[in-house]
Amino acid sequence: MSKFRFITGNIAIIAITVVLMLFPKPTISAEHEITGDLVIFHAGSLSIPFKEISAAFMEKYPEVKVLREASGSRTAARKISELNRPADIMGSADYTVIDTLLIPEHASWNIKLATNEMVIGYHESSRMAAEITSDNWYEVLLNSKVAFGRSDPNADPCGYRSVLTMKLAEKYYKKDGLATQMLEKDHRYIRPKETDLIALLEAGEMDYFFIYRSVAEQHGLKYVILPDEINLKTPVFKDFYKTATVEISGKKPGTTVVKKGAPMMYGVTIAKSSPNPDAAMAFVEFLLAKDGGMAIMEKNGQPSAVPSSTNSYDKLPENFKKFATPE
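Model, not experiment: these values are computed from the prediction.

Visitor: Any chance you could explain the overall build of the chain here in plain terms?
Guide: Assigned secondary structure in the chain consists of 13 helices and 14 strands. A compact globule built from 327 residues would reach a C-alpha radius of gyration of about 20 Å, whereas the chain, at 25 Å, exceeds it by more than 25%. Each principal axis of the C-alpha atoms in the chain carries an extent, and together these give about 110 × 40 × 35 Å. Expressed as a percentage of the 327 residues in the chain, the buried residues total 50%. A separation of at least 24 residues holds for 72% of the contacts in the chain among residues at least 6 apart in sequence. Split by element, the accessible area of the chain, about 15,800 Å² in all, is 55% carbon and sulfur.

Visitor: Would you take a moment to explain the pairing of strand S6 (residues 148–151) for this structure?
Guide: If a strand is regular, its side chains alternate between the two faces of the sheet. Side-chain alternation along S6 places Phe148 and Arg150 on one buried face and Gly149 and Ser151 on a second face that is also buried. Strand direction decides the pairing type here: S6 and strand S8 (residues 208–212), joined by 2 bridges, are parallel. Residue pairing in the sheet places Gly149 in a bridge with Phe209 of S8. Across 2 bridges, the pairing between S6 and strand S7 (residues 190–191) is parallel. Among the inter-strand pairings, Arg150 is bridged to a residue of S7, identified as Ile190.

Visitor: Sorry, what's going on with the pattern of salt bridges here?
Guide: Going through the model one piece at a time under the given rule, you end up with 18 salt bridges. Glu82 is the partner of Arg78 in a salt bridge, and the nearest nitrogen-oxygen pair spans 2.6 Å. The class for Arg78 is buried, based on a relative accessible area of 15%. The salt bridge involving Asp94 is made with Lys259; its shortest N-O contact spans 3.0 Å. With Asp94 in the loop between strand S3 (89–92) and helix H5 (95–101) and Lys259 in strand S11 (residues 256–260), this residue pair connects regions lying 165 residues apart in the sequence. Each member of the pair, Asp94 together with Lys259, is buried. Residues participating in the shared-partner salt-bridge network are Glu117, Arg213, Glu217 and Lys233.

Visitor: Can you walk me through the sheet that holds strand S5 (residues 118–122) in this structure?
Guide: The strand order S7-S6-S8-S5-S9 describes an open sheet built from 5 strands, whose pairing is mixed. Looking at which strands have only one partner, the edges of the open sheet turn out to be S7 and strand S9 (222–225). Along the sheet face, helix H7 (residues 157–173) touches S5, S6 and S8 and points at about 110° away from the line of S8.

Visitor: Which parts of the structure should I look at to understand unusual backbone geometry?
Guide: Residues other than glycine predominantly adopt negative phi, and peptide bonds predominantly adopt the trans conformation. Of note, the amide linkage connecting Ile103 to Pro104 takes the cis form, showing an omega dihedral of 10°. Its place among the elements puts Pro104 in the loop between H5 and strand S4 (111–112). In this chain, Val306 is followed by Pro307 through a cis amide linkage whose omega measures 0°. Here Pro307 is to be found in the loop between helix H13 (293–299) and strand S13 (308–310).

Visitor: I'm lost on the nonpolar core in this one. Help?
Guide: Note on soluble globular proteins: their nonpolar side chains tend to be buried together. Membership of the largest hydrophobic core comes to 95 residues, with the highest contact counts inside it found for Leu38, Trp137 and Tyr208. Aside from chain neighbours lying at most four places away, what touches Leu38 is Phe57, Val64, Lys65, Val66, Leu67, Asp88, Ile89, Asn276, Ala279, Ala280 and Phe283.

Visitor: For this particular structure, what's the right way to read helix H12 (residues 277–288)?
Guide: Structural remark: α-helix, 3.6 residues per turn; residues separated by three or four positions point the same way. The terminal C-alpha atoms of H12 lie 16 Å apart, and with 12 residues this matches the ideal 16 Å at 1.5 Å per residue to within 8%. Residues of H12 that are buried: Ala279, Ala280, Ala282, Phe283, Val284, Phe286, Leu287 and Leu288. As for H12, its buried residues are in contact with strand S1 (36–43), helix H3 (47–60), S3, S4, strand S12 (267–270) and H13.

Visitor: I'm lost on the packing of aromatic side chains in this one. Help?
Guide: Working definition: an aromatic ring pair is given by the centre-to-centre distance plus the angle between the planes. Going through the model one piece at a time under the given rule, you end up with 14 aromatic pairs. Relative to Tyr61, the ring of Phe57 lies with its centre 4.6 Å away and its plane at 35°, an arrangement referred to as tilted. On the basis of relative accessible area, Tyr61 is assigned to the buried category, the value being 10%. Among the aromatic residues, ring-to-ring pairing joins Trp137, Tyr138, Phe148, Tyr172, Tyr173 and Phe210 into one connected group. Here the basic side chain of Lys79 rests over the ring of Phe41, its NZ or CZ set 5.2 Å away from the ring centre.

Visitor: Hey, could you run me through the packing of H3 against H12 in this one?
Guide: In a pair of packed helices, the angle between the axes and the distance between the axes together describe the arrangement. It is at 11 Å that the axes of H3 and H12 come closest, and there the two elements cross at 120°. Relative to H12, H3 is oriented so that their crossing is right-handed. Two secondary-structure elements touch here, H3 through Phe50, Ile53, Ser54, Ala56, Phe57 and Lys60 and H12 through Ala279, Ala282, Phe283, Phe286 and Leu287.

Visitor: Would you mind showing me how to read the pairing of S1 here?
Guide: For S1, a buried count of 6 out of 8 residues is recorded, marking the element as mostly surrounded by other parts of the structure. Two strands pair when backbone bridges link them, and S1 and strand S2 (residues 64–71) are joined in this way by 8 bridges, in the parallel orientation. Its bridge partner lying in S2, Asp37 is registered against Lys65. Each parallel crossover has a hand, and for S1 linked through H3 to S2 it is right-handed. Two strands pair when backbone bridges link them, and S1 and S3 are joined in this way by 3 bridges, in the parallel orientation. Residue His42 lies in a different strand from S3, and its bridge partner there is Gly91.

Conventions and cut-offs
Residues numbered from 1 in each chain as written. Predicted model: local features only at pLDDT ≥ 70, side-chain atom pairs only at ≥ 80, totals over all residues. Heavy atoms only, no water. Helix = DSSP H or I, 4+ residues; strand = E, 2+ residues; numbered from the N terminus. Rg over C-alpha atoms; globule rule 2.2 N^0.38 Å. Buried < 20%, exposed > 50% of the residue type's maximum accessible area, 1.4 Å probe, protein only. Contact = heavy atoms within 4.5 Å. Areas by Shrake-Rupley, 256 points an atom, 1.4 Å probe, with all protein chains shown as cover. Pairing = 2+ DSSP bridges. Salt bridge = Lys/Arg side-chain N within 4 Å of Asp/Glu carboxyl O. Axes fitted to C-alpha atoms, helices over the stretch in contact; angles between N-to-C directions. Core = buried A, V, L, I, M, F, W, Y, C linked by side-chain atoms within 4.5 Å. Expected span 1.5 Å × (residues − 1). Phe/Tyr/Trp six-rings, centres within 6.5 Å; stacked < 30°, edge-to-face > 60°. Lys NZ or Arg CZ within 6 Å of the ring centre and 35° of its normal. Left-handed = near helix turned anticlockwise from the far one by under 90°. Right-handed = clockwise from strand over helix to strand, strands pointing away.

Next comes the structure, spelled out in structure tokens:
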């Protein structure tokens, strides 16, 4: 009897083993292994596309909660470098902010993300709205009845790009003193980041502001397209762009650096102190994918720059190298 039980027991074990081989236990997908909070500090001009990208990412990774915080890019970098605030990802409107304020102490690499251009945004109710053109915009902004705004150059790339645009306009239109006149006007409408100015415009507190084309389009604003020679859009005019400079605060308190004009290029990195590096890696890969985040960026008026050269190519995680090229 005991021998019979032994044989039937072995048969039962074999049968169970065969069933398990034919119908293996379901495994947890890679998407569901990524969990927890994901903290992203990003430029104000990335607010709308990053909101949509985050929603799509959380649909793919339902165990992740993306927490976004918008500010001027330089302010965002200083939250990490000076305030030691925990963050996983930094998205900058100017890739050089990552190079100068985060690498090498707080980040190892930098991938260029997207492009943009400067425009003059306004509302249909803005004073002289019916008269402003791509040829006379600076005359309209200098009119004593008109108020215009810009963001803070020390906090926000759009701020120093606004100054650079004014200085390039002086050269392009051959109007001596034009930049000084513009820089001395309407200081009460300088804000920490460019998107802070939208409410002032919509409330009628001011009439115009220097803004990125993508932001103007995302918010349904009217805007004046500027000549390529001054809008910081195209590499064709990179040599002319760099003839304009602006002095901004440096890496250490009390220091300054000189910023030269250059074609616009956004950047992204993962902080060395990232509390959730797995989720950060997954988000950046999703962000840079042509059929993922880049499709959303382009839909929102920010053309993809992927792949572009980077001077930190050797420091890139292996699976990110397809999104960049060596400089």
